[in-house]
Amino acid sequence: MGCCSIELSLTNLVLLGVLFFAGKKLLKFFERWKIEKMLEKWDDAPKDKLILHTVWRCKTLPGISPYGMKLETYLRMAKIPYELDTKDAMGPKGKLPWITYNGVHVADSHLCIQFLNKKFGINLNKNVTKEQAATAYACRIMLENHWMWGIVQYRWIENANTISRLMKIPTIFKLLIPFRSHQIKQTMISQGIGKHTPTEIYQMTEADLHTVSALLGSKKFFGGDEPCEDDCAIFGGLSQAVWGMPGSSFEKLCNGELKNLKEYSERMKERYWQDWESCLDKS
Ligand SMILES: N[C@@H](CCC(=O)N[C@@H](CS)C(=O)NCC(=O)O)C(=O)O
C-alpha cells in the first residue's frame, strides 16, 4: 500500500510538472498573440506619422523612463515631429520605449535612433571630435547599463512608493508593485549587482555620477558648445537624478558636489523642453 501511494504521488508530480510546463507555454503563446494583435493595430497608424510609445507623463518630469526621456529628447534634437502613445507603452520586446513609423516597429531606444538617423538622414555628431563622441558614448553606456541599477534599487527595491508618488497609476498596478519589486530583485541578483548590499550598490552607482561629472567638467554639453547625439541619453539618465528621485543620494549629489550635472540638465531642458511644464501630469 505504501509503495502504491509513492507511485501515486510520483504520478501526481509528473502530472503537475506537465501542467506547469503546458501552462508556461500557453502563457508565452498568449503573450506573443497579444503583442501581434497590438502591432497589427499600429500597422494602420497614419502614413508618415512617427508614434513614440512610452510611459505615462509624470508629476515632476515628463517621464520616469531614462530611455523614454532619451528618445523623446532625441526626437526634439533631430526636429522630428512625433505623436505620443502611452496606452501601448510596452513594445514587441517587452520593454519601453519603442516607435512605429509607416508600418515599421522598432524597439530599443538606441535602435530607434539608428533607424531614424538613416530614415531622415540625421547626424547629430557632425560637429564633434572623435574624443568628444567617445567620451559621450562611454558616459551613455555607463549610465544606461550600470548607473540605472542605482535607479532601480532606489525606486523599486527601497522606495517602491515613489513610483505612485511620481505617477498616477491605476490601483491594480499599485497592488502589483510588491510583486514587481520581488521580480526585479531576482533580476538584479541574476545580473550580479543584486548580490551587493544597498550601501555597496549606492557607492558603485554614485561613482558613475562622479565620473560623468568629472568628464563633463565645465563644458556646456558632451558635444562641446552644442549637444551631440549621446547628450540625449545622458540627459535622459540625469533627468532622473535631478527631477525623478526625490530624497535620493543621487538628487543630493546633483544639488551639491556634482552641481555641474544639474546645470547641464537645466541647459538641456531649456533647449529642448521649453514646454516642460505642459508635459507634466498636473492632475
Ligand atoms: N535598452 C533598452 C532598455 C529599455 C528598458 O529597460 N526600459 C525599461 C523602462 S525604463 C522597461 O521597459 N522595463 C520593463 C521590464 O524590464 O520589464 C532601451 O534603450 O530602450
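- An unreviewed UniProt entry annotates the protein as Failed axon connections of Orchesella cincta.

## A few points about the overall build of the protein
Thinking step 1. Per the secondary structure count, the protein includes 10 helices and 4 strands.
Thinking step 2. Taken from the N to the C terminus, the helices and strands of the protein come in the order α-β-α-β-β-β-α-α-α-α-α-α-α-α.
Thinking step 3. For the protein, the spread of C-alpha atoms along the three principal axes comes to 85 × 50 × 40 Å.
Thinking step 4. The burial tally for the protein puts 31% of its 283 residues in the buried class.
Thinking step 5. A separation threshold of at least 6 residues defines the contact pool for the protein, and within that pool the share at least 24 residues apart is 73%.

## Topic: the site of the ligand
Thinking step 1. For the ligand, the full set of nearby residues is Ser65, Tyr67, Gly94, Lys95, Leu96, Pro97, Asp108, Ser109 and His110.
Thinking step 2. Partitioning the shell around the ligand into residue classes produces 3 nonpolar, 4 polar and 2 charged.

## Structural notes on the nonpolar core
Thinking step 1. Core analysis: the largest hydrophobic core is formed by 51 residues, its most contacted members being Ile234 and Leu261.
Thinking step 2. Residue contributions to this core peak at 10 residues, all from helix H4 (residues 130-158).

## Here we look at the sheet that holds strand E4 (residues 104-107)
Thinking step 1. As summarised here, the arrangement of the 4 strands in space is E2-E1-E3-E4, forming an open sheet in which the pairing is mixed. Both edges of this open sheet fall to strand E2 (83-85) and E4, since each of them pairs with a single strand only. In this sheet, adjacent strand axes meet at a mean angle of 25° when their direction is disregarded.
Thinking step 2. Relative to E2, strand E1 (residues 51-53) runs parallel, the two being bridged by 3 bridges. The residue bridging His53 from the neighbouring strand is Asp85, located in E2.
Thinking step 3. Each of strand E3 (98-101) and E4 is contacted by helix H3 (residues 109-120), which is oriented at about 135° to E4, the strand it contacts most.

## Re helix H8 (residues 231-243)
Thinking step 1. With 13 residues, H8 ought to run about 18 Å at 1.5 Å a step, and its terminal C-alpha atoms sit 17 Å apart, in line with that.
Thinking step 2. Most of H8 sits out of view: 13 of its 13 residues are buried.

## Description of helix H10 (residues 259-272)
Thinking step 1. A rise of 1.5 Å per residue sets the reference length of H10, with its 14 residues, at 20 Å; its end C-alpha atoms lie 20 Å apart and thus fit the reference within 8%.
Thinking step 2. For H10, the elements touching its buried residues are helix H2 (66-77), helix H7 (198-216), H8 and helix H9 (249-255).

## Thoughts on the pairing of E4
Thinking step 1. Here E3 pairs with E4 via 4 bridges, running antiparallel. Residue pairing across strands places Thr100 opposite His105, the latter belonging to E4.
Thinking step 2. Linking E3 to E4, which pair antiparallel, is a turn of 2 residues; within it Asn102 sits at a positive phi near 45°.

## Side note on the packing of H4 against helix H6 (residues 171-191)
Thinking step 1. Closest axis-to-axis distance for the H4/H6 pair is 10 Å, and the angle between their directions is 150°. The angle between H4 and H6 falls in the class roughly antiparallel. Crossing geometry of H4 relative to H6 is assigned as left-handed. Listed contacts from H6 to Trp149, Val152, Trp156 and Ile157 of H4 are Ser181, Ile184, Lys185 and Met188.

## Re the UniProt feature "domain: Metaxin glutathione S-transferase" (unreviewed entry) in the protein
Thinking step 1. Under the UniProt annotation, "domain: Metaxin glutathione S-transferase" (unreviewed entry) lies at residues 206-268.
Thinking step 2. From the first C-alpha to the last, residues 206-268 spans 21 Å; its make-up is 65% helix and 0% strand.

## Description of the environment of Glu251
Thinking step 1. Residue placement: Glu251 occurs in helix H9.
Thinking step 2. Taking C-alpha positions, Glu251 is 8.5 Å from Gln240, a pair spaced 11 residues apart along the chain.
Thinking step 3. In this structure, Glu251 is in contact with Ala241, Val242, Met245 and Pro246, ignoring residues within four places of it in sequence.

Calculation notes
Residues numbered from 1 in each chain as written. Predicted model: local features only at pLDDT ≥ 70, side-chain atom pairs only at ≥ 80, totals over all residues. Helix = DSSP H or I, 4+ residues; strand = E, 2+ residues; numbered from the N terminus. Buried ≥ 20, exposed ≤ 12 C-beta atoms within 10 Å, placed from the backbone. Contact = placed C-beta atoms within 7 Å. Near = placed C-beta within 6 Å. Nonpolar A, V, L, I, M, F, W, Y, C, P; charged D, E, K, R; others polar. Core = buried A, V, L, I, M, F, W, Y, C linked by C-beta atoms within 7 Å. Pairing = 2+ DSSP bridges. Axes fitted to C-alpha atoms, helices over the stretch in contact; angles between N-to-C directions. Expected span 1.5 Å × (residues − 1). Parallel < 35°, antiparallel > 145°, perpendicular 65-115°, else oblique. Left-handed = near helix turned anticlockwise from the far one by under 90°. UniProt positions renumbered as here; feature names shortened; annotations may be inferred.

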